[in-house]
Amino acid sequence: MLVEEKDKLRSKLKEVFGYNQFRGNQEAIIRNILEGRNTFVIMPTGAGKSLCYQLPALMTDGIAIVISPLIALMKNQVDQMNAFGVNAQFLNSTLTKTEMNRVKRESLDGTIKLLYVAPESLTKVENVDFLKKANISFVAVDEAHCISEWGHDFRPEYRRIKEIIGQLGNLPIIALTATATPKVQLDIQKNLQMEGADVFKSSFNRTNLYYEVKQKKHAKKNLVHFLRDHKGKSGIVYCLSRKKVVEIAELLNVNGFRAAPYHAGLEPAIREKNQDDFLNEDVDIIVATIAFGMGIDKPDVRFVVHYDVPKSLEGYYQETGRAGRDGLEGQCLMFYSHNDVNKLEKFNKDKPVQERENARVLLQEMSYYAESPVCRRKQLLHYFGEEYTVENCEMCDNCVKPKDRYEAQDVAKIAVEAALKTGERFGLNHLVDVIRGVENQYVKSYDHHKLDIYGKGGEESADYWKSVVRQSLIYELLEKDIDNIGVLKVSQKGHDFLKKPYAIQFAIDHEYIDTGDEEESSERTPVSTKAYDETLFGLLKALRKKIAHEKDLPPY
Ligand code: ADP
Ligand code: MG
Ligand code: ZN
C-alpha cells in the first residue's frame, strides 16, 4: 500500500472517529476489504470489529450493507455513526412506510454510506429488488456466528444471507464474529462460501478482565457484598430464568442499588427503556437473562456476574466479554453450583438424544472449568484453541489465590465406595451425609448407617466432602446417571480405581472449606502444577471428542 493511502486511512480514522491509531489487526483488515477480498475477522468482544467495516464504507464509492441480528444493536451503531457525522441508517421492521421510502431513496442516491439490515428484512423480495438497484461497495456480516447451530446464538435467517448476496452481484464479504471455536469457524466459511477468505484471527486473551468462580453458597449475601465493593459502577448480573431476574433485581433495589431487570418476557417498551437507562447510566446494574447484551457497546461495564451457572464456556466467555471494553479492569464473577448444573440437565431432558448429549458435554466442560485449580485464563484460551504459557496471569482467582493441590487417593476411594455401597442410586448430598455419618431420616430409612463406609469421614466438614465428590466426578471416577438427574454412579474408571488405586490429585478451595488446623493441612502431599494441568487438559480434550459433530475437526 502506498504511503499516501496509508495516511489517508489514518487521517480518516482521526477525522471521523477521533482515534489516533488502529488497534490490533484493524488496519490490515480494512486494507484487505478495500482491495475487494473476502475477509473473515475473528476478534474477541470489545476488540473493535465494527470499525473494520465502518471505516472502509467511508473510503469507497457506494453503500456498504451491514447485516446485523438485533434491532437494538443496529440502533446503537446507527446512533453512534450519526453522532460522528456519518450518514448511516437501518432497514428493519420498526420503520414506518415513509421512513422506509426515505431510506431507500437516500440509499439509491448515494447519501447513505452504511445501511444496516436485519436478516429478516434482507430476505424480503421488495428489499432484494431495491438493493439490486443500489451501488453496493461490500457486504459486512456482523455477529456471523449466528449462521452456525454450533454457535451460542443460532439464527436460521442467517443461513439465507449468502443466497441473497449472490443475487446482488459479485460483492466482497467481510464476516465478523467473536466466536472462535473451530467448528463454528468452519460453518461460517462454508455457509457464506468464503472458504478462500483471508482470515484475521486475534488473540482471545482479554488481559484486563479478572476471572473468578465462587461456590454458590449464601449467594445473595455474597452478591450484595460484591456489588457494594463496586457501588455506583456499571455492571451486568446474568441469571438463567426470567423469574430469577425479577427476584434479583428486586433484591438489589431493596439493598439500595440502582438496578433494572431485562428479559425477553418483558414488554418491548419496558425492555427498551431499561436498556436505555443502563446505557445512559440512569441505572447502574442490569439484571438480565442472556437475551441481554449482544453487541451492546457500553465501554465502561466494570463487572459481569453470573449468578447462575452458564450453559457453556462459549456463552460465558461472550457474556464476560462485555466487561471492560474500554480496556480498563473488568471483574467477572461466577457463582457455581453442582445443583444448578443438575437443574440445567433437567431442562435438557426432553431434547433429542444428540442435542441432549451435546448440551451435557458443554455443561461438563463448564464444571471442569469451575472446579479446576488451573489458571482461568489458560483454560478459557485453551477452549478457543490458544495456548497460554504464562505461569501466573495475576488476573484470576486461581493465580491470585492458588488452591492447594493434594494427594487424594484415600479420600477419592471413600467417595467412590460411598456411591457403590449405597447402590448407585443417590446424589451428592446423600453420599456426603453417609460419609460423614449424619444420621438423618434418609440415611436411616435405607439402612445406610449400617454400612462400613458410614461415618468414615466424620472429621471433615460437609463442604470438604462435597468438594471431594465433585472432584471424583470431574476426574471421572464417578459419573452422572443420564436417566436419573442428580444420581451418581461409579464409572468404569472408578471400578478400576477401586481395584487398583493410584495417585490422584485434588484441589482445596480454602474459602469454602475448613481444612482443620495448619498442621493437618501441611501433611497433605503437595503436587506439581504441571502434572495436574496435563491431566486436566487430557480430560478436556477427550471430552471435546465426545461431541459427535466435532469429530471431523482438527484436534486442539
Ligand atoms: P466489537 O464489535 O469487536 O465487540 P466494537 O466495534 O463495538 O467491538 O468496539 C469496541 C470499542 O472499541 C468501541 O467503544 C469502539 O469505539 C472502540 N474502538 C474501536 N476501534 C478503536 C480504535 N482504533 N481506537 C480506539 N478505540 C477504538
Ligand atoms: Mg460487534
Ligand atoms: Zn490466571
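It should be emphasised that the depicted structure is a prediction, and the values quoted were computed from it without experimental measurement.

Here is what the cut-offs are and how they apply
Residues numbered from 1 in each chain as written. Chains lettered and ligands numbered in written order. Predicted model: local features only at pLDDT ≥ 70, side-chain atom pairs only at ≥ 80, totals over all residues. Heavy atoms only, no water. Helix = DSSP H or I, 4+ residues; strand = E, 2+ residues; numbered from the N terminus. Buried < 20%, exposed > 50% of the residue type's maximum accessible area, 1.4 Å probe, protein only. Contact = heavy atoms within 4.5 Å. Pairing = 2+ DSSP bridges. Axes fitted to C-alpha atoms, helices over the stretch in contact; angles between N-to-C directions. Donors = N, O, S within 2.8 Å, 3.2 Å for Na, K, Ca; no water. Tetrahedral: all angles 85-135°; square planar, octahedral: opposite > 155°, others 65-115°. Right-handed = clockwise from strand over helix to strand, strands pointing away. Near = heavy atom within 4 Å. Polar contact = N/O pair within 3.5 Å; in protein donor to acceptor, adjacent residues only side chain to side chain. Areas by Shrake-Rupley, 256 points an atom, 1.4 Å probe, with all protein chains shown as cover. Nonpolar A, V, L, I, M, F, W, Y, C, P; charged D, E, K, R; others polar. Phe/Tyr/Trp six-rings, centres within 6.5 Å; stacked < 30°, edge-to-face > 60°. Lys NZ or Arg CZ within 6 Å of the ring centre and 35° of its normal. Salt bridge = Lys/Arg side-chain N within 4 Å of Asp/Glu carboxyl O.

Chemist: Whenever I open this one, the overall build of the protein confuses me. Can you help?
Modeler: Regarding its fold elements, the protein presents 24 helices and 17 strands. C-alpha atoms of the protein, sized along the principal axes, occupy 85 × 50 × 45 Å. Counting the 556 residues in the protein, one finds 55% classified as buried. Intrachain contacts of the protein at a sequence separation of at least 6 include 74% that bridge at least 24 residues.

Chemist: Can you help me understand the sheet that holds strand 11 (residues 285-288) in this one?
Modeler: Within a sheet, each strand pairs with its neighbour through backbone hydrogen bonds, oriented either parallel or antiparallel. Taken together, 6 strands build an open sheet; the order of strands is 8-13-12-9-11-10 and the sheet is parallel. What marks the edges here is a single partner per strand, and that holds for strand 8 (209-215) and strand 10 (259-262). Ignoring which end each strand starts from, the neighbouring axes of this sheet average 15° apart. Where helix 10 (residues 219-228) meets the sheet, it contacts strand 9 (234-238), strand 11, strand 12 (301-306) and strand 13 (330-336), and its direction lies at approximately 175° from that of strand 13. Helix-sheet contacts for helix 15 (residues 353-371) involve strand 8 and strand 13, and the interaxial angle to strand 13 is about 110°.

Chemist: Got a minute to help me understand the sheet that holds strand 6 (residues 173-177) in this structure?
Modeler: Taken together, the 7 strands give an open sheet; going across it, the order is 3-4-2-5-6-1-7, and neighbouring strands pair in parallel fashion. This sheet does not close on itself; its edge strands, each paired only once, are strand 3 (88-91) and strand 7 (198-201). Going from strand to strand, the sheet's axes swing by 20° on average, the running direction of each strand aside. Here strand 2 (residues 63-67) pairs with strand 4 (residues 114-117) via 4 bridges, running parallel. Bridge pairing in strand 4 links Ile-67 to Val-117.

Chemist: For this particular structure, what's the right way to read the coordination of the zinc ion (ligand 3)?
Modeler: Geometrically, a metal with four donors at the corners of a regular tetrahedron has ideal angles of 109.5 degrees, and one with six donors at the corners of a regular octahedron has ideal angles of 90 or 180 degrees. Donor atoms from the polypeptide that coordinate the zinc ion (ligand 3) comprise Cys-375 (SG), Cys-393 (SG), Cys-396 (SG) and Cys-399 (SG), at 2.3 to 2.4 Å from the metal. Its 4 donor atoms give the zinc ion (ligand 3) angles of 103 to 116° at the centre, a pattern that matches the tetrahedral case. Between consecutive donor residues of the zinc ion (ligand 3), the sequence gaps follow C-x17-C-x2-C-x2-C. With Cys-375 in the loop between helix 15 and helix 16 (376-383) and Cys-396 in the loop between helix 16 and helix 17 (397-400), the pair connects residues that are 21 residues apart, well separated along the chain. Classification of Cys-396 by relative accessible area gives buried; the value is 0%.

Chemist: Whenever I open this one, the pairing of strand 12 confuses me. Can you help?
Modeler: Look at any regular strand and the pattern is simple: side chains alternate between the two faces of the sheet. Buried residues dominate strand 12, accounting for 6 of its 6 residues. Of the pairings in the sheet, the one linking strand 9 to strand 12 comprises 5 bridges and is parallel in character. Bridge assignment links Val-237 to a residue of strand 12, and that residue is Val-305. Looking at chain direction, strand 12 and strand 13 are connected through 4 bridges and run parallel. Opposite Val-304, over in strand 13, you have Cys-332 as the bridge partner.

Chemist: It is not clear to me how the pairing of strand 13 should be interpreted in this structure. Could you clarify?
Modeler: Counting buried residues in strand 13 gives 7 out of 7 residues, a clear majority hidden from the surface. For the handedness criterion, the β-α-β arrangement of strand 12, helix 13 (residues 313-320) and strand 13 is classed as right-handed.

Chemist: Help me understand the site of ligand 1 in this model?
Modeler: In the region of ligand 1, 14 residues are neighbours, and Tyr-19, Gly-46, Lys-49, Ser-50 and Arg-325 sit closest. Interatomic distance of 2.8 Å between a side-chain N/O atom of Lys-49 and an oxygen atom of ligand 1. Between ligand 1 and the protein, one listed contact pairs an oxygen atom with a side-chain N or O atom of Ser-50 at 2.5 Å. Surface burial for ligand 1 is 84%, taken as the share of its 570 Å² of free accessible area covered by protein chains. Residue composition of the shell around ligand 1, by class: 4 nonpolar, 6 polar and 4 charged.

Chemist: How should I be thinking about the packing of aromatic side chains in this particular structure?
Modeler: Taken as a whole and judged by the stated rule, the model has 14 aromatic pairs. Residues Phe-278 and Phe-292 carry aromatic rings whose centres are separated by 5.8 Å and whose planes lie at 75° to one another, so their mutual orientation is edge-to-face. Here the residue Phe-278 occupies a position in helix 12 (residues 268-279), and Phe-292 occupies one in the loop between strand 11 and strand 12, the gap between them amounting to 14 residues. Look at Phe-278 and you get buried, because its relative accessible area is 1%. The cationic tip of Lys-231 hangs over the ring face of Phe-257; the distance from NZ or CZ to the ring centre is 4.7 Å. Positioned over the ring face of Tyr-369 is Arg-376, at 5.4 Å from the centre of the ring.

Chemist: Looking at this structure, how should I read unusual backbone geometry?
Modeler: Residues apart from glycine generally show negative phi values, whereas peptide bonds are mostly found in trans. A positive phi angle, close to 50°, is found at Gln-193, a residue other than glycine. Examined against the element boundaries, Gln-193 turns out to sit in the loop between helix 9 (182-191) and strand 7. Looking at Gln-193, the relative accessible area reads 55%, which means it is exposed. At Glu-424, a position not held by glycine, the phi torsion is positive, near 55°. If you trace the backbone, Glu-424 turns up in the loop between helix 18 (409-421) and helix 19 (428-436).

Chemist: Would you take a moment to explain the pattern of salt bridges for this structure?
Modeler: Where charged atoms from two side chains of opposite charge approach closely, those side chains can pair. Scanning the entire structure with this criterion turns up 28 salt bridges. Between Glu-106 and Arg-102 there is a salt bridge, with its nearest N and O atoms 3.9 Å apart. In this pair, Glu-106 and Arg-102 both sit in helix 5 (residues 97-108), 4 residues apart, roughly one turn of the helix. Take Arg-102: its relative accessible area is 30%, and that puts it in the partly exposed class.

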